[in-house]
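# Secondary and tertiary structure notes
Spelled out from the first residue to the last, the chains are:
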Amino acid sequence: MSHREVLTALSGLLMGMLVAILSSTVVSTSLPRIVSDLNGSQTSYTWVITATLLATTVSTPLWGKFSDLTNRKVLLQVALVLFVLASVAAGFSQNTATLITFRVFQGLGAGGLTALVQVVMSDIISPRERGRYMGYLGAVMSVGTIGGPLLGGVLTDSIGWRWNFFVGVPVGVAALIVIQRTLHLPPKPKKAVVVDYWGAGLIAGGVSLLLVWVSLGGKQFEWASTTSWLMGVGAAVLLALAVVVEFRSKEPIIPLTLFKNRTFTFAVIASLSVGVAMFGTSVFLGQYMQLARGQSPTMAGILTLPMVLGLLISSMVAGALISKYGKWKPYMIVGSILLAAGLFLMSTIEYDTNFAIVSVFMAMMGLGIGMVMQNLVLVVQNSVDVSVVGAASSSVAFFRSLGGTIGVSVMGAVLGTKVSGYITDGLTDAGVDPSALGSGGSTSIPDLSTVPGPIRTIIESAYGQGVADVFLIAAPLALITIVFVCLLPNVELGTKTGIQRAAATTDGPAAGSAAATTSEDSEGGAAPVDANASSPAAKGAAATAGLAPAVSSAPATRSTPAPVSPIDEGGDVADLQHRHHSHTTTPTGTIDTIIATGAAEVAGHPVPADELAESPVFSSLVEEKDVAADR
């Protein structure tokens, strides 16, 4: 696809991702009014947010796995339709039970969009070029995450809270039309689809119970209560059973063999702390602006723009530079350092800190998240086999959401405890009874507009200091991101799209090897070479690149050597070995790479095919292989 064709198709994907992100964030500043109008309780207030976040997190890996098995374009359209219908229904809700129900369906659709957009991008854009487009995706995600609360506040104050749900519908319909007209994916080979129902059920049940436990613990029940213990132990048992089932399943929802890939494992660990930073800052920055600085919901959203702009600029600039120069690791290391520094600096703020200084700190966090978040998915897609790219991509997003959800819940509990203590201490030092705040004492969130000036200052100071403490908790997690980003194998980005890789794989073993992109286990950074290159030297180099990933994989025995010469037709290097020795040996990966290198060097000279097998260079390398095989 040309750059223009990619941009046209990508516009539909980005619109779909935008409405998915907005569904989770747009109601955050409007919830008090929504729940009040629908005569809901504090429990309803919690579940309106938790239901969508829970459904999105749990369904993300399921959508990703299904995309490896069935038509991705159809799945993407199903997710969009589900989201649009659920949004309309939620907007017409007349009670909180109905609203929560349709918020669950919104979350299911959003989970599909979150997983599938990145997978489809890997189909139509090569890893080398994907950095630029990942920058666009990161910008959309940042605008949706940070700008959603601002949009929700404006809509609620102007035309009513129901438009929080209706606003995404036109965008979703437009995305559906654009995707139908511009996204053209080849059909998948027909094969029996095996669905891991047990694994899906256990993962969904275990993660749901875990998220409900951390979301409601300390609010709906005490952490040390029987309910808490039952939920915690139940989640652990379900997830342990899920691991057992996934190991034995033919088509696991989250293939545990992916964790043998160092790039995938390190990216998952790094994404956990990025999730905490991204979701946590969007939640607690809003509280800081409203309760520590006395701003309205709309102004609170506007004042977080430095972070939005930082994220927007860094994701697009870093993505463009990655595509231009092919280097991704320096930008991710710089981004992780900026994120950690921004979080540490935010831990020093107070209620009256100069806003220009706070803006610089927020911008640093935004710059860091923009450089790291989407590029973690990029390097994972570049390092895994094309057959599991859907499961791998969605797994990174899943663990990022899981880390963010758990982190926000824990940080929220800490914030409540800290603020309560600071308010009590401040009022006591001022000679005021904490019960002067009204019902609930210092544990309730007061309406600052009704509080006398001196007491208001104490409350604002408490929230300023409490939010700073929360950022101090998140900062060490950013250090973990730095460590694991540095440990990521610096593998060069491939130059083939997912469709090209899949086509090469289905053409046969030789074509699959020649077209395979660089594996993280190669670590040498050998660039993928076009399997259709016309020169013999290029063909030999392509064979070398294709054999490199086999180093850590199970050895494959060649029972039928290719009947063509690598000089004449670009055939398999194993054919030359067959000519030189009458017996067939089992390739060992590393030695195969050496032989392919030797063949490429020799193939660069005009040597007839019959003489190539007798080349001294090739003969000595084959002998080395025989010795290794005997060992």
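Nothing here was measured: the structure is a model prediction, and the numbers come from that model.

### Brief notes about a nonpolar patch on the surface
A cluster of nonpolar side chains, M299, I302, L305, L309, I313 and V317, forms an exposed patch at the surface whose accessible area comes to about 470 Å². Sort the elements by how many residues they give to the nonpolar patch and helix 13 (residues 305-325) lands first, with 4 residues. Relative to the assigned elements, V317 resides in helix 13.

### Notes on the packing of aromatic side chains
For the structure shown, the criterion picks out 7 aromatic pairs. Ring geometry for F398 and F399: centres 5.0 Å apart, planes at 65°, overall edge-to-face. Residue F398 shares its accessibility class with F399, and that shared class is buried. An aromatic cluster of three or more residues is present, and its members are F259, F264, F398 and F399.

### Side note on helix 14 (residues 329-346)
The end-to-end C-alpha distance of helix 14 is 26 Å, a good match for the 26 Å that 18 residues give at a rise of 1.5 Å each. Turning to helix 14, its buried residues number three or more, namely K329, M332, G335, S336, L339, A340, G342, L343 and M346. Along the axis of helix 14, the buried residues cluster in a sector spanning 160°; they form a single face.

### Overview of the pattern of salt bridges
The tally for this structure, following the rule as stated, stands at 2 salt bridges. The residue D123 makes a salt bridge to R72 at a minimum N-O spacing of 2.7 Å. Remark: R72 occurs in helix 4 (residues 72-91) and D123 occurs in helix 5 (residues 96-124); sequence separation between them is 51 residues. Each member of the pair, D123 together with R72, is buried. The partner of E460 in a salt bridge is R456, and the shortest N-O contact between them spans 3.0 Å. Pair noted here: E460 and R456 are both in helix 17 (residues 453-487), with a separation of 4 residues, about one helical turn. When its relative accessible area of 11% is taken as the criterion, E460 is described as buried. With a relative accessible area of 27%, R456 lands in the partly exposed category.

### Some thoughts on helix 15 (residues 355-383)
Between its first and last C-alpha, helix 15 extends 43 Å over 29 residues, near the 42 Å set by a 1.5 Å rise per residue. The largest bend in helix 15 amounts to roughly 30° and is located at N375. With respect to burial, helix 15 is a largely interior element, 23 of its 29 residues being buried. For helix 15, the N-terminal cap is N354; the gap from its side-chain oxygen to the backbone nitrogen of A356 is 2.8 Å.

### Digging into the nonpolar core
L13, L76, M121, L343 and M346 are the most contacted members of the largest nonpolar core, which has 122 residues in total. When near neighbours in sequence (up to four residues on either side) are disregarded, M121 contacts L10, L13, R130, Y133, M134 and L137. In terms of nonpolar packing, the next biggest core, distinct from the first, is built from 13 residues, A51, A90, L99 and I100 among them.

### Considerations on the confidence of the model for the protein
Of all residues in the protein, 74% have pLDDT values of 70 or greater, and the mean over the chain is 74. Within the model, the stretch residues 508-589 combines pLDDT values under 50 with 144 contacts to residues more than four positions away or in other chains.

So, how was this worked out
- Residues numbered from 1 in each chain as written.
- Predicted model: local features only at pLDDT ≥ 70, side-chain atom pairs only at ≥ 80, totals over all residues.
- Heavy atoms only, no water.
- Patch = residues over 30% accessible without salt bridge, like charges linked within 9 Å, V, L, I, M, F, W, Y side chains within 5 Å.
- Areas by Shrake-Rupley, 256 points an atom, 1.4 Å probe, with all protein chains shown as cover.
- Salt bridge = Lys/Arg side-chain N within 4 Å of Asp/Glu carboxyl O.
- Helix = DSSP H or I, 4+ residues; strand = E, 2+ residues; numbered from the N terminus.
- Phe/Tyr/Trp six-rings, centres within 6.5 Å; stacked < 30°, edge-to-face > 60°.
- Buried < 20%, exposed > 50% of the residue type's maximum accessible area, 1.4 Å probe, protein only.
- Expected span 1.5 Å × (residues − 1).
- Arc of directions from axis to C-beta.
- Bend = angle between axes of the 7 residues up to and from the residue.
- Polar contact = N/O pair within 3.5 Å; in protein donor to acceptor, adjacent residues only side chain to side chain.
- Core = buried A, V, L, I, M, F, W, Y, C linked by side-chain atoms within 4.5 Å.
- Contact = heavy atoms within 4.5 Å.
- pLDDT = per-residue confidence, 0-100.

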